[in-house]
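Results of the structural survey
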Amino acid sequence: MLKSVKVAVLGYGTVGGGVAQVIDANRDAIAQKTGLDLEVKYILDLRDFPGDVNEKKVVHDIDIILKDPEISVCCETMGGKRPAFDFSRRALEAGKSVCTSNKELVEAFGPELLKVAAEHNCSYLFEASVGGGIPIIHNICSCLTQDRIGSVQGILNGTTNYMLTKMANEGMDYEETLKEAQRLGYAERNPEADVEGHDSGRKIAILASLVFGKTVKYDKIHVEGISAVTSTDIAYARKLNCKIRLLGKAGERGERVAAMVAPFLVKAGQPLYMVDDVFNAIVVHGNMLGDTMYYGAGAGRRPTASAVVSDVITAGLNEGHTAACPWGTDEADVVPFEEMENAFFVRTGVQDQERVKEVFGVEKFITLEGAAGECGFVTGRLTEGQFQVKYAALENRIGFLRMEA
């Protein structure tokens with residue numbers, strides 16, 4: 001006999017509409033695999049949707065949903081912090097599990113909402129907040145618990161990965177590529193969250209909090225984006241047999257956590273080198289399992305909605321209980337940015353070569369056809385603080401990128 005799970009969707013936009021679509025299209029398949037009969041009973045939105053297949057399910061008052069004992073799961077797909085936080089908290093206090101795609105909310109209030117869920121024997125689930133349709137959070141919370149995870153890193157933003165791929169493959173500059181990404185709907189009209197790394201920063205904060213069991217706050221993470229990457233940088237990367245990728249990285253440093261987001265040169269042969277276009281990929285390193293990589297569509301209506309519905313299934317199977325989550329309420333001790341270590345690729349004027357030898361101890365220089373008057377070189381591993389002092393000593397410095405180890 002099937003178990004009925006009545007669902008409310010909070011926000012009928014791109015993702016919320018996708019959630020309703022996934023449940024409707026795959027209802028029979030889900031029932032066959034899980035024994036759960038999922039049904040969307042309510043859709044909360046400020047708008048009406050005349051002619052929509054779900055128009056009769058639309059309500060405008062959250063209390064209708066919260067007071068209905070049939071509703072056991074709410075899908076928060078509204079975005080932003082308010083009123084999403086208030087609605088999520090009230091739903092959890094009513095004993096209704098909440099599944100969300102809202103990375104901004106999860107990063108800011110995840111520990112608090114997880115605590116409320118545990119106190120009311122329900123679940124707060126957020127698979128879709130990182131990696132779109134990639135089942136990374138479930139794997140960290142369930143499938144990798146036998147390992148001690150030492151690091152997690154990945155390409156966490158499809159917009160920037162698409163742009164860097166186009167710049168490399170078609171010789172487009174940054175501004176031209178951004179306009180193309182906006183035309184295709186990959187980038188917002190205001191693309192700052194993507195191109196300046198804020199989206200990736202929130203996602204690596206969530207992943208690090210899960211992996212290391214303590215809250216890693218976004219505002220403690222050094223974040224850089226791709227807006228300073230040039231076509232000349234791309235050409236140097238090609239000569240180095242590398243690709244430039246915006247990476248979110250977090251790793252253990254004793255009892256502390258080191259985390260950052262920045263463009264890195266990724267060498268051919270490394271797992272993330274082959275990840276192009278709008279795809280995301282996340283590499284998790286465990287002390288027993290070694291490296292595992294999770295790859296797939298990192299955004300989009302259907303992949304993100306699919307991840308939300310996977311959480312609905314988890315909530316349905318755990319009704320009356322709280323799904324396990326290793327995210328603790330204690331705040332992690334985050335390594336200061338200036339103490340983090342990286343190797344660097346540096347561009348400078350050719351007249352600085354003797355100074356480079358003196359300051360960095362580097363003898364090998366890289367030149368690029370069409371980039372007269374400048375050269376590049378690769379440093380050894382330095383702390384960020386050490387590097388900035390040495391870099392400032394070059395009178396004709398042009399720019400730099402970090403090298404992925």
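Right above here is the structure, for reference.
The structure reproduced in this document is the subject of the present report. Per chain, residue numbering runs from 1 following the sequence as it is written. Thresholds applied to this predicted model are a pLDDT of at least 70 for local features of residues and 80 or more for the giving and counting of side-chain atom pairs; totals over whole chains, interfaces and linings are not thresholded and use all residues. Calculation of side-chain values draws on the structure's entire complement of heavy atoms; hydrogens and water are dropped beforehand.

1. Remarks on the overall build of the protein
- Helix and strand assignments follow DSSP, with helices taken as H or I runs no shorter than four residues and strands as E runs no shorter than two, numbered in order from the N terminus. Across its full length, the protein holds 14 helices and 16 strands.
- When we talk radius of gyration, it's over C-alpha atoms, and the globule rule is simply 2.2 Å times the number of residues to the 0.38. Rg of the C-alpha trace for the protein: 23 Å, near the compact-globule value of 22 Å for 405 residues, within the 12% margin.
- By principal-axis analysis of the C-alpha atoms, the protein measures approximately 75 × 45 × 35 Å.
- Exposed residues in this analysis have more than 50% of their type's maximum accessible area, buried residues have under 20%, and partly exposed residues fall in between, with area computed by a 1.4 Å probe over protein chains only. Taking all 405 residues of the protein together, 54% fall into the buried category.
- In the protein, of all internal contacts separated by at least 6 residues, the share reaching a separation of at least 24 is 73%.
- Put simply, the protein shows about 18000 Å² of open surface, and 48% of that area lies on carbon and sulfur atoms.
- Residues counted as positive are Lys and Arg, residues counted as negative are Asp and Glu, and His and the chain ends are not counted. In this description, the location of a charge corresponds to atom NZ of lysine, CZ of arginine, CG of aspartate or CD of glutamate. When the 44 positive and 56 negative side-chain charges of the protein are each reduced to one mean point, those points stand 1 Å apart. Whether two residues are in contact is decided by their heavy atoms, any of which lying within 4.5 Å being enough. Only the protein chains shown count as covering a residue, and every accessible area follows the Shrake-Rupley method with a 1.4 Å probe.

2. A closer look at the sheet that holds strand 2 (residues 36–44)
- For two strands to be treated as a pair, DSSP must find at least two bridges joining them. Pairing in this open sheet of six strands is parallel, and the strands run 3-2-1-4-5-6 from one edge to the other. Across the chains shown, the open sheet's two edge strands, defined by having one partner strand only, are strand 3 (58–59) and strand 6 (124–125).

3. Regarding unusual backbone geometry
- Following Arg82, the chain continues to Pro83 via a peptide bond in cis, the omega torsion being 5 degrees.
- For Pro83, the position within the fold is in the loop between strand 4 (71–76) and helix 4 (84–93).
- At Asn241, a residue that is not glycine, the phi angle is positive and equals roughly 60 degrees.
- By secondary structure assignment, the location of Asn241 is in the loop between helix 11 (231–239) and strand 9 (242–253).
- For Asn241, a relative accessible area of 47% translates into the label partly exposed.

4. A short note on the pattern of salt bridges
- Whenever Lys or Arg places a side-chain nitrogen within 4 Å of a carboxyl oxygen from Asp or Glu, that contact is recorded as a salt bridge. In total, this model carries 29 salt bridges according to the counting rule given.
- The shortest N-O distance in the salt bridge between Glu39 and Lys6 comes to 2.5 Å. You can see Glu39 sitting in strand 2 and its partner Lys6 sitting in strand 1 (residues 3–10), a full 33 residues away along the chain.
- Glu39 gets classed as partly exposed once you look at its relative accessible area, which sits at 24%.

5. Details of the side chain of Glu76
- One can find Glu76 in strand 4.
- One buried charged residue, Glu76, remains without a salt bridge, the closest side chain of opposite sign being Lys103 at 11 Å.
- Polar contacts here mean pairs of N or O atoms no more than 3.5 Å apart (in protein, one a potential hydrogen donor and the other a potential acceptor; neighbouring residues in sequence count only if both atoms are side-chain atoms). Of the polar contacts made by the side chain of Glu76, one reaches the backbone nitrogen of Met78; its length is 2.8 Å.
- Within the structure, Glu76 has its side chain in polar contact with the side chain of Asn102 (distance 3.4 Å).
- Once you skip the residues sitting within four places of it in the chain, Glu76 turns out to touch Leu10, Ala84, Ser88, Val98, Cys99, Thr100, Ser101, Asn102 and Leu105.

6. Considering the pairing of strand 4
- Judged by how many residues are buried, strand 4 sits mostly within the fold: six of six residues are covered.
- Relative to strand 4, strand 1 is paired through five bridges, and the arrangement is parallel. Residue pairing for strand 4: Val9 is matched across the bridge by Cys75.
- The pairing of strand 4 with strand 5 (residues 97–100) spans four bridges and is parallel. In the strand pairing of strand 5, Cys74 is matched with Val98.

7. Here's the deal with empty space enclosed by the protein
- Here a cavity means grid points, on a 1 Å grid over the protein atoms only, where a 1.4 Å probe fits yet cannot get out; a pocket means an open set of points with protein on both sides within 12 Å along at least five of seven lines; lining residues are those with an atom within 4 Å of a point. Grid points are joined across faces, edges and corners, and a volume is the space filled by probe spheres set on the points. Per the counting criterion, the structure on display carries one cavity of 30 Å³ or more.
- By volume, the largest cavity amounts to about 30 Å³.
- Every residue lining the largest cavity is listed: Leu144, Asp147, Ile149, Val284, Gly286, Leu289, Gly290 and Thr292.
- Among the elements of the structure, strand 11 (279–286) and strand 12 (290–297) are those that each provide at least two residues to the lining of the largest cavity.
- Tallied by class, the residues present in the lining of the largest cavity amount to four nonpolar, three polar and one charged. Classification convention: Asp, Glu, Lys, Arg as charged; Ala, Val, Leu, Ile, Met, Phe, Trp, Tyr, Cys, Pro as nonpolar; all other residues, Gly among them, as polar.

8. Considering the packing of helix 4 against helix 5 (residues 103–119)
- It is the contact of helix 4 with helix 5, at a shortest axis distance of 10 Å, that shows an interaxial angle of 15 degrees. Of the possible angle classes, the one that applies to helix 4 and helix 5 is roughly parallel. The way helix 4 lies across helix 5 gives a crossing that is right-handed. Across the interface between the two elements, Ala84, Phe85, Ser88, Arg89, Leu92 and Glu93 of helix 4 pack against Leu105, Phe109, Glu112, Leu113, Val116 and Ala117 of helix 5.
- Its residues assigned to classes, the contact of helix 4 with helix 5 shows eight nonpolar, one polar and three charged. To get an axis, fit a line to the C-alpha atoms, keeping to the stretch in contact for a helix; angles then go from 0 to 180 degrees between the N-to-C directions. Should an angle fall under 35 degrees it is taken as roughly parallel, and over 145 as roughly antiparallel, whereas 65 to 115 is taken as roughly perpendicular and any remaining angle as oblique. Each crossing gets its handedness from the near helix: less than a right angle anticlockwise from the far helix is left-handed, clockwise is right-handed.

9. Description of the nonpolar core
- Nonpolar core, defined: a set of buried Ala, Val, Leu, Ile, Met, Phe, Trp, Tyr and Cys residues in which side-chain atoms within 4.5 Å join the residues together. Counting residues in hydrophobic clusters, the biggest one holds 82 residues, and the most contacted among them are Ile65, Tyr124, Phe126, Ile136 and Leu207.
- Among the elements that line this core, the one with the most residues is helix 10 (residues 198–212), at eight residues.
- Non-local contacts of Ile65, meaning those with residues more than four positions away in its chain, are made with Ala8, Leu10, Tyr42, Leu44, Val59, Ile71, Cys74 and Lys96.
- One finds Tyr12, Ile23, Val58 and Ala307 within the second-largest nonpolar core, a separate group that totals 29 residues.

10. A short note on the packing of aromatic side chains
- Within 6.5 Å between ring centres, the rings of Phe, Tyr and Trp (the latter by its six-membered ring) count as paired, and their orientation is classed by plane angle as stacked under 30 degrees, edge-to-face over 60, tilted in between. Counted under the stated rule, the structure contains 15 aromatic pairs.
- Note on Tyr236 and Phe345: the rings are 5.1 Å apart at their centroids and 55 degrees apart in plane angle, and the pair reads as tilted. Remark: Phe345 occurs in strand 13 (residues 341–349) and Tyr236 occurs in helix 11; sequence separation between them is 109 residues.
- According to the relative accessible area criterion, Tyr236 is buried, its value standing at 0%.
- These aromatic residues form a ring-pair network of at least three members: Phe344, Phe360, Phe365, Phe377, Phe387, Tyr391 and Phe400.
- We call a charge positioned over a ring when the NZ of a Lys or the CZ of an Arg lies within 6 Å of the ring centre and within 35 degrees of the ring normal. It is Arg202 that lies over the ring of Tyr218; its NZ or CZ is 4.8 Å from the centre.
- Just above the ring of Tyr273 sits the side chain of Lys243; from NZ or CZ to the centre is 4.5 Å.

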